[in-house]
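One letter stands for each residue in the lines below.
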Protein chains: 2
Amino acid sequence: MADVTLYGSDTWTSPYVFSVWVALQEKGVPFEMKVISLKNKEQHRPDYRDRSLTAKVPTLVHGDFWLSESMAIIEYLDELYPAPKFWPVFPAGAQERARARQIMMWIRTDLLALREERPTTSIFYERASTPLSAGGVAAAEKLVRIAGQVVPEGASTIFSEFTVADADLAFMLHRLLLNGHAAPPRIRAYAEGIWKRPSVRSFVEHERPPFSAYG
Amino acid sequence: MADVTLYGSDTWTSPYVFSVWVALQEKGVPFEMKVISLKNKEQHRPDYRDRSLTAKVPTLVHGDFWLSESMAIIEYLDELYPAPKFWPVFPAGAQERARARQIMMWIRTDLLALREERPTTSIFYERASTPLSAGGVAAAEKLVRIAGQVVPEGASTIFSEFTVADADLAFMLHRLLLNGHAAPPRIRAYAEGIWKRPSVRSFVEHERPPFSAYG
C-alpha cells in the first residue's frame, strides 16, 4: 500500500493537482490517487475540510499528515524524496531555484482574467467561445512576454533540465494555444514540447467524466 | 552599501512586501528599501517590468539578480542567510515547515472576497464602511476557522517559535479586527500579540503618504 495519497478533482482539470501529479510522476514514487467531486462539494465535508484545513484540492496525505496547497506539497515532496536519488523538483543553483519558485508563484497568483476567461475546462472539454476582455488580453500579453523572457531562445526548457515550473508554464500557455490565440512560434514550440512529456501526458490524457458532470 | 535592495510600494500597504520585510528584519541583515508608486504605475516602467518580470512588488535585488514573488523571495533569503547563524523563516521539522508554507500559500491564493472588501488600506488608512458580502462573510468565517485550527489553545504562535506564517496570518486577521468584526477572544489575542512584535511594528508604524495619494 502506498504511503502517500493525493486527492484531486474527478474532472482532472485542476492546474495545481496537475503540478503535484507531475512532481510525483517524475520522482517515480508510488502513490494512491483519490478523486472527489467539487461539483458535489465533497471538499466541504467536515472530515475532508478539517484535515485539509483549506477544503481544496490538491491535498496530500502522508501517513497521518494532511497537507494542502500545491507549492507546499511540492516543497514537502522534494524534502521527502530528495535528489540525487530522486528527480529534483527545482534546479540546482540558488538563483535558478528562486526563479523557478517565482514562476510557479506568479502562475498561482496573477493572470486572473485569463484564468477565468480561459478556464481549464476549455483545455480539457469545450473550447471557449467568447473573445477575451481587455483584462484577458492584457493577461495573455503578460503571459507571452514573461514566457519569452524566461525561456531562452531555442531552448526546450526554462533551465538546463525540465522542472515543474515548465509544467506549470506550459499548462498556462495551453489556455491560449488550445483556444486559438496567437503566440510566437518559439513559445508555441516550447509549450507543445513540454506537453509531450510522459508525466504531463498521463494527466492530460487521463479519463474524464462527460462535460455535463462539471457545470 | 547593502548588497540587498527591497522594492515596495510607497503606501506601505502590501501584505507581501510586509512579509518579506518581516523576514529581513528578523534575520537582521542590512538592506536598502526603495519604494515606487503603484498609483503612478511605476512598476510598469520598462526597466522595472523587464527585470522584475512580473511588474509587481515586492521585488528583491541581490547583486544583479532580480527576484519577485514574496514566497520565492522568502525562500531565497532563507537559503542566502540560513540558520543557525540567522533567524530561520520556517520551523525546523519537515511537517511543520510544510504547514507553514501551506498557511502562507493559502493566504496568498484564497479569501479573495475578504481581501477585496477589506483591503489593506482599511488597515492603514480609513476603515471599511460597507458590510461584507455573502462571499466576504464566508471568507471571514473560513479565516477564523483555520486560525482556530492552526493556533493551539493558549499559544502565542502557530509553532513553538514565531515564523513568517504568524506575520502573514496576523496581517490577514487584522483586516477583520480593525474593521470591527468579531473574532474569538483567543484568536484576537493571538493576532494582537503578533502585531506587537518589533519586526511587525516597524512596517505597520512606518510613515505613509496621505490617503489621497493612493486612490
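Coordinates for the structure precede this section.
Residues numbered from 1 in each chain as written. Chains lettered and ligands numbered in written order. Predicted model: local features only at pLDDT ≥ 70, side-chain atom pairs only at ≥ 80, totals over all residues. Heavy atoms only, no water.

K.L.:
I'd like a description of the packing of aromatic side chains, backed by residues and values.
P.N.:
Residue and element names in this part refer to chain A. Tallied over the entire structure, the rule returns 32 aromatic pairs over all chains. Summarising the aromatic geometry, the rings of W21 and F31 are spaced 5.5 Å apart at their centres and angled 85 degrees between planes, so their arrangement reads as edge-to-face. Note that W21 is positioned in helix α1 (residues 15-27) and F31 in the loop between α1 and β2 (32-36), a separation of 10 residues in sequence. Through pairs of rings, three or more aromatic residues link up here, namely W12, F18, W21, F31, F124, F171, W195 and F203. Over the ring of F124 we find R208, and its NZ or CZ is 3.8 Å from the ring centre. (Phe/Tyr/Trp six-rings, centres within 6.5 Å; stacked < 30°, edge-to-face > 60°. Helix = DSSP H or I, 4+ residues; strand = E, 2+ residues; numbered from the N terminus. Lys NZ or Arg CZ within 6 Å of the ring centre and 35° of its normal.)

K.L.:
Tell me about the interface of chain A and chain B, and name the residues and values.
P.N.:
Taken together, the contact between chain A and chain B spans 35 residues of the former and 35 residues of the latter. Note that R97 of chain B and E79 of chain A form a salt bridge whose closest N and O atoms lie 2.5 Å from each other. There are 22 residue pairs in polar contact (both at pLDDT 80 or more) connecting chain A and chain B. Elements supplying a minimum of two residues to the side of chain A that touches chain B: α2 (46-52), β4 (65-68), α3 (70-80), α4 (94-109) and α7 (134-150) of chain A. Take the side of chain A that touches chain B: its biggest share by element is 11 residues, from α4 of chain A. Across the side of chain A that touches chain B, the residue classes tally to 14 nonpolar, 8 polar and 13 charged. (Contact = heavy atoms within 4.5 Å. Salt bridge = Lys/Arg side-chain N within 4 Å of Asp/Glu carboxyl O. Polar contact = N/O pair within 3.5 Å; in protein donor to acceptor, adjacent residues only side chain to side chain. Nonpolar A, V, L, I, M, F, W, Y, C, P; charged D, E, K, R; others polar.)

K.L.:
Mind laying out the pattern of salt bridges, listing which residues take part and the relevant values?
P.N.:
Should their charged atoms come close, side chains of opposite charge can pair. Under the counting rule described, the total for this entry stands at 28 salt bridges over all chains. We note a salt bridge from E75 of chain A to R101 of chain A, for which the minimum N-O separation is 2.6 Å. Here R101 of chain A lies in helix α4 and E75 of chain A lies in helix α3, a separation of 26 residues in the sequence. Assigned by exposure class, E75 of chain A and R101 of chain A land together as buried. Three or more residues are tied together by salt bridges with common partners; here these are E75, E79, R97 and R101 of chain A together with E75, E79, R97 and R101 of chain B. (Buried < 20%, exposed > 50% of the residue type's maximum accessible area, 1.4 Å probe, protein only.)

K.L.:
Pulling in residues and values, what's your account of the pairing of strand β4 (residues 65-68) of chain B?
P.N.:
Burial along β4 of chain B is two-sided: the residues F65 and L67 of chain B and W66 and S68 of chain B are all buried. Counting the residues in the hairpin turn of strand β3 (residues 59-62) of chain B and β4 of chain B gives 2 residues, including G63 of chain B, whose phi is positive at 65 degrees. (Pairing = 2+ DSSP bridges.)

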